[in-house]
Amino acid sequence: MTIPDPSVRNADIAEADRTHVFHSWSAQRSLNPLPIAGGSGVTVWDAEGTEYLDFSSQLVNVNIGHQHPAVVAAIQEQAGILATVAPAHANSTRAEAAKRIVDLAPEGFSKVFFTNGGADANENAIRMARLHTGRDKVLSQYRSYHGNTGVAIVATGDWRRIPNEYARGHVHFFGPYLYRSEFWATTPEEECARALHHLRRVIEAEGPSSIAAILLESVPGTAGVMVPPPGYLAGVRKLADEFGIVLILDEVMSGFGRTGRWFAFEAHGVVPDLITFAKGVNSGYVPIGGVIISDEIAKTFDDRVFPGGLTYSGHPLAAASVVATIDAMREEGIVENARRVGDDVLGPGLRALAEKHPIIGEVRGDGVFWALELVADPVTREPVAPPVIGALKKDLMTRGLLPFTADNRIHVVPPCIITDDDARRGLEILDAALTSVAG
Ligand code: PLP
């Protein structure tokens, strides 16, 4: 464990933070953020050396774990060669990063547009779809998060859209979510068929010739890790084809190993027209995201200007970290590890917790991407009140686990490199905290 300066206490960092740092999505006065001073693998620690098993992967992005030596070295090496370069120039590290990414994509994708993160990846994918189709509207799910820029936040379905609704041309619909079905469904088959029927009706009612894109998270993440029922994504693909609509799959959270696959859509037998990514592509060591563009859409811009760009598009430090991340993930079998730990340890372990703790209404997920939906009453499925989540979070941290919580849920989202032993340790801590808080 490396502590940058042992004379600096947690309280000093918290005080400096509270004085000068303005935080996301929050009223500022009552914030009390955890100071984090360092990390390694699946562990982070504060300035006084208290360690936490990182079951959040920070913002579900540190797929390769903290301080992977090959990725850190690649960033350091690139900094010594060329620390920045304008997007209009060609650069071998950037080209290598793009090649690594398209090599992972399905056939028929050969180009990447790099952005600074996930929101602007969706922003630019939507722009491409609008220019490609000559249409305006974008359909996305109420239960979704697509990022915090002008268009991406309005494509988002959750509460964060409502105070920011200044972009036009966005329509929302309900996706499949059997546990709280909008369609009175009782089986995954019913939920799938009815959710597809609902989407068809929305398309017809909006006017198919006005719809540029359907934008979906392959697995809605922040909204609750809702793995779509078999056939849903394929059904959406069919609707998009029938009506000439571009299908954008947002793989910002679900991509690069999180579900135990390079892309979550691989499990659903579909190929989108545009794929957006960020987070796991380099585990966020340097900010980067992008759009993987199908050849058909890329062709639209062969002789026509794409009216979009960013000073740091394909930044060399980020590009170097992408190359090193993908190489290390391949060499070390990190995606396969996520799949195996999900199948062998986390999935069975979380389901066993649900048997034991009636507060767990449902366990959902795949790979290292899971949610525990907590309920006050397993029959009515009434969500637990916010203080219960607050108490659980506190208890988990006291026991040395850093959780990711959202609404009435705990998301179990450790780095893809987690070992069986660490996954079991996390499950034991969850068990103890649930026993202590929920009885
Ligand atoms: N899309 C999804 C599915 C996300 O989960 C996120 C962030 O959590 C974003 C887009 C936005 O990414 P960023 O915060 O890098 O802009």
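Thresholds applied
- Residues numbered from 1 in each chain as written.
- Predicted model: local features only at pLDDT ≥ 70, side-chain atom pairs only at ≥ 80, totals over all residues.
- Heavy atoms only, no water.
- Domains from an automatic or database assignment.
- Contact = heavy atoms within 4.5 Å.
- Buried area = accessible area lost by both parts, 1.4 Å probe.
- Salt bridge = Lys/Arg side-chain N within 4 Å of Asp/Glu carboxyl O.
- Polar contact = N/O pair within 3.5 Å; in protein donor to acceptor, adjacent residues only side chain to side chain.
- Helix = DSSP H or I, 4+ residues; strand = E, 2+ residues; numbered from the N terminus.
- Nonpolar A, V, L, I, M, F, W, Y, C, P; charged D, E, K, R; others polar.
- Pairing = 2+ DSSP bridges.
- 1 Å grid on protein atoms, 1.4 Å probe; cavity = no way out; pocket = protein on both sides within 12 Å on 5 of 7 lines; lining within 4 Å.
- Points joined across faces, edges and corners; volume = space filled by probe spheres on them.
- Buried < 20%, exposed > 50% of the residue type's maximum accessible area, 1.4 Å probe, protein only.
- Axes fitted to C-alpha atoms, helices over the stretch in contact; angles between N-to-C directions.

Turning our attention to the domain arrangement of the protein. One frequently used descriptor of interface size is the decrease in accessible area upon assembly of the parts. Once the domains are mapped, the protein shows domain 1 (10–67 + 333–438) and domain 2 (69–331). Just the C-alpha atoms count here: the centres of domain 1 and domain 2 sit 25 Å apart. Listed by partner, the interface residues are 38 residues for domain 1 and 40 residues for domain 2. Contact with domain 2 buries area across many residues of domain 1, yet Trp25, Val335 and Phe369 alone supply 26% of it, more than any other trio. Counting across the domain 1 and domain 2 interface gives 2 salt bridges. Across the pair Glu373 and Arg180 runs a salt bridge, and its minimum N-O distance is 2.7 Å. Where domain 1 touches domain 2, the interface holds 23 residue pairs in polar contact (both at pLDDT 80 or more). Counting only elements with at least two residues in the side of domain 1 that touches domain 2, the list comes to helix 2 (57–60), helix 11 (334–356), strand 11 (360–366), strand 12 (369–377) and strand 16 (409–412). Across the side of domain 1 that touches domain 2, the residue classes tally to 19 nonpolar, 12 polar and 7 charged.

Glancing now at the sheet that holds strand 14 (residues 401–402). Note: strands within a sheet are paired through backbone hydrogen bonds, in either parallel or antiparallel orientation. Reading across from one edge, 1-2-3-14 is the order of the 4 strands in this open sheet, with mixed pairing throughout. The sheet is open, and its two edges are formed by strand 1 (38–40) and strand 14, each paired on a single side. Bridging between strand 3 (residues 51–54) and strand 14 involves 2 bridges; their strand directions are parallel. Directly across from Leu53, in strand 14, lies its bridge partner Leu401.

Bringing empty space enclosed by the protein into the picture now. One pass over the structure, following the stated rule, counts 3 cavities of 30 Å³ or more. Looking at the lining of the largest cavity, the elements that each hand over two or more residues are strand 7 (211–217) and helix 8 (232–243). Its volume calculated, the second largest cavity comes out at about 40 Å³. Every residue lining the second largest cavity is listed: Gln141, Arg143, Phe174, Gly175, Pro176, Tyr177, Pro220 and Met226. For the lining of the second largest cavity, the residue count by class is 5 nonpolar, 2 polar and 1 charged.

Turning to the pattern of salt bridges, a few remarks are in order. For the coordinates displayed, the defined rule picks out 29 salt bridges. We note a salt bridge from Lys356 to Asp431, for which the minimum N-O separation is 2.9 Å. A residue pair is termed long-range when its members are at least 10 positions apart, and Lys356 in helix 11 and Asp431 in helix 13 (residues 420–438) qualify at 75 residues. Judged by relative accessible area, Lys356 falls into the partly exposed class, the value being 49%. The shortest N-O distance in the salt bridge between Arg364 and Glu362 comes to 2.7 Å. Beyond isolated ion pairs, a larger network of salt bridges with shared partners links Arg180, Glu362, Arg364 and Glu373.

Here we come to the pairing of strand 11. Alignment of strand 11 against strand 12, held across 6 bridges, turns out to be antiparallel. When the sheet's bridge partners are listed, Arg364 is paired in strand 12 with Ala371. Linkage of strand 11 to strand 12, two consecutive antiparallel strands, is achieved through a turn of 2 residues, within which Gly367 is found at a positive phi near 60 degrees.

Looking now at the sheet that holds strand 7. Read from one edge to the other, the open sheet built from 7 strands follows the order 4-10-9-8-7-5-6, with strand pairing classed as mixed. Looking at which strands have only one partner, the edges of the open sheet turn out to be strand 4 (109–115) and strand 6 (170–173). For this sheet the average axis-to-axis angle between neighbouring strands, irrespective of direction, equals 20 degrees. Pairing analysis gives 4 bridges linking strand 5 (residues 137–141) to strand 7, with the strands arranged parallel. Along strand 7, the bridge assignment pairs Val138 with Ala213. Each of strand 4, strand 5, strand 6, strand 7, strand 8 (246–250), strand 9 (274–277) and strand 10 (289–294) touches helix 5 (residues 118–133); the most contacted strand, strand 9, lies at about 165 degrees to it. Each of strand 5, strand 6 and strand 7 touches helix 7 (residues 188–206); the most contacted strand, strand 6, lies at about 155 degrees to it.

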